Amino acid sequence: MSGKLWFFVIFVTFVVVQDSKAALEKYCSENRIRTLGNLLEFAKELSSAEYAVSNMTTKALYCCAKGYRSIEWFKDDRPYPWTQGVSSLILNPDSANQSVYTQRLTQEDAGVYTCRATNDTHLIEHHIRLTVFQSSSYVDEPKPTYKVPEAHFAKIDEPARLYCEAFVGKSDLPDEINTITWMRPGINMTELLAEERINTTEIYRDQLQIIGSYFLIDKVKFSDFGDYFCTISNSDDQFLTVNTSLREINKSSRRERSEFPFWMRLMLVVVAGLMYIICTFDNQIAKFLFITYYTVANFFRRHFRSYNNSVDRKDYDVMVSYKQPDKEFAVDIIAAKLTTEYNYKVICKELTDPTIKSTSCNSIILVLSPATFDNQWTLPLISKAVKQVYPIIKKPVIVIPSKPLPNEKTVETVDTFQRLKQVEAVNGPRAVNGKMRFFWAKLTYVLPLAQPQQGYTASATNSTNKITMQRTGSNNANRGGILV
């Protein structure tokens, strides 16, 4: 081999090594979780499983932390430094001991690595299982490296971040394409990602053999709460799908309502009997007691039997239907409050959505205003909208108009009013203050009881490359949810 060729090989090797070291040094300084103070904690999402192929040029394990005085590393409970035959990974001092790496991976490097960060008073540790494949390439389906939490929590108008990551491997195929995408059921992701407050950032490491993606929300809105799915693929028919949910903080954990106790039932029967006796003497007292009894009975029915109701199992408690001019009121007020405060699982769909007729729900809320019909407000137009959604459940549709419905004495009028329950927004067009509490009381009164909510798992069908959602009976599932 000529001298020039030797020089070129040495130069390329030097550049690759230097680039790898630079990547090791800056990994823990990028995409860090923004927190106040200098408490001892991990500074970004850390992988719990790592994979690599044999003879890999550079492999690193990370333990990105903040507020620490020292970081110690262990492999299978053996403290660093490791002797030959235990592990070839060495500490990287340029990363402030937040990583260990090797430039020549072997089968002996496989095992469980532990990093332990400490300050004067506290200690935190993280475990990473490293698996080394014997072959020099990997062509099987992706393997998850970061364990995605079941749920993330955020407050309205504050930032939120989701992350997923997987090992996609290395193949010698020329048409190898690795992709990672986020999706939400029922959401147009192109329109969602076009919003300035939402951004995705892709992460590549280990010579593109591990890919990840951040889903970043600058200011959370009510409509952002719900399920998220991350799909990672390394070929047309091999992909991994992981799911998580974004929930409103302090709203996700609700007090479990107890079953309607026997003594309460007996008390209501006794009160009903006393009411019957009093009714025979005074009609005014009877009317007052009847209203009081009915209100109290309905209160107990909702709050003590909501988790034991006999409503047929549907995918959603409520579907909120609307047109584009009413979207803000329908999604960010009606659907959001039903989800976060009244524990309903809600899906929102526009009237023009072709999938609206196949939605499985117990009740339908139809939000209407003159803007829905190009500033017209006539009963034939309203009737057409009601008839569009009525066949879905064949029960009266709950209509929330911005102004009183026209009172036209026709045959069509009678038919329309038989198919709806009107819940007017008080104090004019869409007032949300003042007497709005009476609006919510009436709305929840006409709605069926919320179902005990169950979670979802995602399964992938390789032949169609689609995600199928299926209910599960997890006790840790989100109690309410909203899909838009």
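Residues numbered from 1 in each chain as written. Predicted model: local features only at pLDDT ≥ 70, side-chain atom pairs only at ≥ 80, totals over all residues. Heavy atoms only, no water.

Moving on: the sheet that holds strand S17 (residues 226–235). Across a sheet, strands are paired by hydrogen bonds formed along the backbone, either parallel or antiparallel in direction. Spatial ordering of the open sheet is given by S12-S18-S17-S14, a layout of 4 strands whose pairing is mixed. Across the chains shown, the open sheet's two edge strands, defined by having one partner strand only, are strand S12 (151–154) and strand S14 (179–183). Across this sheet, the average inter-strand angle for adjacent strands is 25°, counted without regard to direction. Two strands pair when backbone bridges link them, and S12 and strand S18 (residues 238–248) are joined in this way by 4 bridges, in the parallel orientation. Its bridge partner being in S18, alanine 154 is matched across the sheet by glutamate 248. (Pairing = 2+ DSSP bridges. Helix = DSSP H or I, 4+ residues; strand = E, 2+ residues; numbered from the N terminus. Axes fitted to C-alpha atoms, helices over the stretch in contact; angles between N-to-C directions.)

If you walk through the whole model with that rule in mind, you get 12 salt bridges. Close ionic contact of glutamate 45 with arginine 161 constitutes a salt bridge, the shortest N to O distance being 2.8 Å. Of this pair, glutamate 45 sits in the loop between strand S1 (41–42) and strand S2 (49–53) while arginine 161 sits in strand S13 (residues 160–167), and the two are 116 residues apart along the sequence. Under the relative-accessibility criterion, glutamate 45 is labelled buried at 10%. Salt-bridge contacts for glutamate 50 lead to arginine 205; the nearest nitrogen and oxygen are separated by 2.6 Å. Pair noted here: glutamate 50 is in strand S2 and arginine 205 is in strand S15 (residues 198–205), with a separation of 155 residues, a long-range link. Here glutamate 50 and arginine 205 have matching classes, each one buried. A single network of salt bridges, built from pairs that share partners, joins Glu50, Lys59, Glu165, Arg205 and Asp206. (Salt bridge = Lys/Arg side-chain N within 4 Å of Asp/Glu carboxyl O. Buried < 20%, exposed > 50% of the residue type's maximum accessible area, 1.4 Å probe, protein only.)

The end-to-end C-alpha separation of helix H6 (residues 379–393) is 22 Å, in line with the 21 Å expected for 15 residues at 1.5 Å each. At lysine 387, H6 shows its maximal kink, close to 25°; a proline, proline 391, follows between one and four residues later. Of the residues flanking the end of H6, it is lysine 394, one or two places downstream, whose phi is positive at about 55°. (Expected span 1.5 Å × (residues − 1). Bend = angle between axes of the 7 residues up to and from the residue.)

Within this structure, the stated rule accounts for 3 disulfides. Residue cysteine 28 pairs covalently with cysteine 64 via a disulfide, S to S 2.0 Å. With the S-S bond torsion at -75°, the cross-link from cysteine 28 to cysteine 64 turns out left-handed. One end of the pair, cysteine 28, is in the loop between helix H1 (3–27) and S1; the other, cysteine 64, is in the loop between strand S3 (59–62) and strand S4 (65–66), with 36 residues separating them in the sequence. Take cysteine 64: its relative accessible area is 0%, and that puts it in the buried class. When the bonded cysteines of the protein chain are counted from the start of the sequence, the pairing works out to 1-3, 2-4, 5-6. (Disulfide = S-S within 2.5 Å.)

Turning our attention to the packing of aromatic side chains. To describe a pair of aromatic rings, you give the distance between the ring centres and the angle between the ring planes. With the rule as written, the count across this model stands at 15 aromatic pairs. Among the aromatic side chains, those forming a connected cluster through ring pairs are Tyr51, Phe133, Tyr138 and Phe167. Above the plane of the ring of tyrosine 228 lies arginine 184, whose end atom (NZ or CZ) is 4.7 Å from the centre. (Phe/Tyr/Trp six-rings, centres within 6.5 Å; stacked < 30°, edge-to-face > 60°. Lys NZ or Arg CZ within 6 Å of the ring centre and 35° of its normal.)

Quick look at the pairing of strand S20 (residues 345–350) now. Counting buried positions along S20 yields 5 of 6 residues, so the element is predominantly enclosed. Bridge count for strand S19 (residues 316–322) against S20 is 5 bridges, and the pairing is parallel. Paired with valine 318 across the strands is valine 346, a residue of S20. Crossover S19 to S20 through helix H5 (residues 327–340) is right-handed. (Right-handed = clockwise from strand over helix to strand, strands pointing away.)

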